[in-house]
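# Working through the structure, step by step
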Amino acid sequence: MKRNIIALLGALLLLSGTAFADAPASGTVGGNEIHVSAEGLNPGYYLGAVWDGDKLLTFFDTTVGSDGKLDLSVNIGEALEQGDRLTVGISGANTGSAPISSDVVLETPDTPAPPPAPIYPVGPIRPIYRPGSTGKPSTPDKPDTSEPSGEPAEPSPPSAEEPALPFTDVAADSWYYEAVRYVYEKGMMSGTLPDIFAPHAAASRGMLVTILHRLEGAPAAKEAHFTDVASHQWYAGAVAWAASNGITGGYSDGRFGPDDAITREQLAAILYRYAAYKGYDVSRQASLSGYQDAGQISTYALEAMGWANAAGLVKGTGASQLSPKSGAVRAEVAAVLMRLCEHIAP
């Protein structure tokens, strides 16, 4: 499939009633990255996604500083070739900005520019929730069904008093509905676009440390020297913070792997270290002997997985399977974050 991208045309961003145009993207034939930039944005955390038609290729996160500039590279996972046509969307989370949403096309004499894509309205801006802050909701009385295990109980649809989520891909009867609602309303996770949450898209290592970094107020940290983490990347500050506080490390070859899909055992290990960093009780341990694939857990993650399982954060994917090497999707991460805040944070 062809995916060459040279220009993002016709994008409009509505900022405080003023139209802002020109959010270019560029790419190189044979490469698998597009470069996206924009100016005049509200400072804050932004989420984005890249599609080929109805197919979601990837999502990405970035932080815009006080200069209002967005400048990052996005790996779409496939080689770019001349003639490709994709769609990129960027939405401000807790920034007050409406999203950029536009087609990305190869700029050639025989390829007409696409018409400007519509600007989708955003809902009320929600302040980010941090574990331990005042106003933390109580634990719900109903059973936790955020992750399938055996035969999950039927989740309850939203009540008449609850506003519907804006995401067209999160059904009210899905096992992850309450978890998505929780992280969305607390400002912990947003959609890849205003109406798309992408619950089944893979969560990355960079995404998880960025969420935890935001929960801590995005403190500054000394730059981490991973070979694949450039200082201009959206996750650089979060990776530096997580590495400097012992929350996460890299691979033996010097890489961090920010775009790698996070595995369930990596998720457990990072949350275990984060909980220890916060001073939460991490002494509980569950016996994992009942899981047929317990022997597949990496040595570094054994204690973390025992704690995460005992704490109800990372459960089995079935009656006898823990699936430690399987990737965690965004819906699973939402469920784990909800459990962390409701059951672990004081």
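Residues numbered from 1 in each chain as written. Predicted model: local features only at pLDDT ≥ 70, side-chain atom pairs only at ≥ 80, totals over all residues. Heavy atoms only, no water.

### Brief notes about helix α6 (residues 330-344)
What counts, and what does not: Counting from the N terminus, the helices are DSSP H or I runs at least four residues long and the strands are E runs at least two residues long. Expected helix span is given by 1.5 Å per residue-to-residue step, counting one fewer step than there are residues. Burial here depends on accessible area, computed with a 1.4 Å probe over protein chains only, as a share of the maximum for the residue type. Under 20% is buried, over 50% is exposed, and the range in between is partly exposed.
Between the first and last C-alpha of α6 there are 20 Å, a value that for 15 residues agrees with the 21 Å anticipated at 1.5 Å per step. Burial analysis of α6 places 14 of its 15 residues in the buried class, which makes it a mostly covered element.

### A short note on the packing of aromatic side chains
Convention followed: A pair of Phe, Tyr and Trp rings is counted when the ring centres sit within 6.5 Å of each other, with Trp represented by its six-membered ring. The angle between the planes then sorts it: under 30 degrees is stacked, over 60 is edge-to-face, the rest tilted.
Throughout the structure, instances matching the rule amount to eight aromatic pairs. When the ring of Tyr274 is compared with that of Tyr277, the centres are 6.3 Å apart and the planes differ by 35°; the resulting orientation is tilted. Here Tyr274 and its partner Tyr277 are both found in helix α4 (residues 264-278), three residues apart, which amounts to about one turn of the helix. By relative accessible area, which is 0% here, Tyr274 ends up buried. An aromatic cluster is built from Phe167, Tyr184 and Phe197, whose rings are joined through pairwise contacts.

### Digging into the pattern of salt bridges
Any two side chains of opposite charge can pair, given that their charged atoms come close. Here is the rule: Here a salt bridge means any side-chain nitrogen of Lys or Arg lying within 4 Å of a carboxyl oxygen belonging to Asp or Glu.
Under the defined criterion, the tally for this structure stands at five salt bridges. For the salt bridge of Lys278 with Glu216, the shortest nitrogen-to-oxygen distance reads 3.2 Å. Residue Lys278 is found in helix α4, and its partner Glu216 is found in the loop between α2 (205-215) and α3 (236-244); the two are separated by 62 residues along the sequence. Residue Lys278 is classed as partly exposed on the basis of its relative accessible area, which comes to 30%. As a salt-bridge pair, Glu265 and Lys325 come within 2.9 Å of each other at their nearest N and O atoms. Of this pair, Glu265 sits in helix α4 while Lys325 sits in the loop between α5 (302-310) and α6; the two residues are 60 residues apart in sequence, bridging distant segments of the chain. The exposure class assigned to Lys325 is partly exposed, which follows from its relative accessible area of 43%.

### Let's talk about the nonpolar core
Here is the rule: Residues belong to a common nonpolar core when they are buried Ala, Val, Leu, Ile, Met, Phe, Trp, Tyr or Cys residues joined through side-chain atoms within 4.5 Å.
Formed by 90 residues in total, the largest nonpolar core has its most connected members in Val50, Met189, Trp307 and Leu313. Counting residues per element, this core draws most heavily on α6, at 10 residues.

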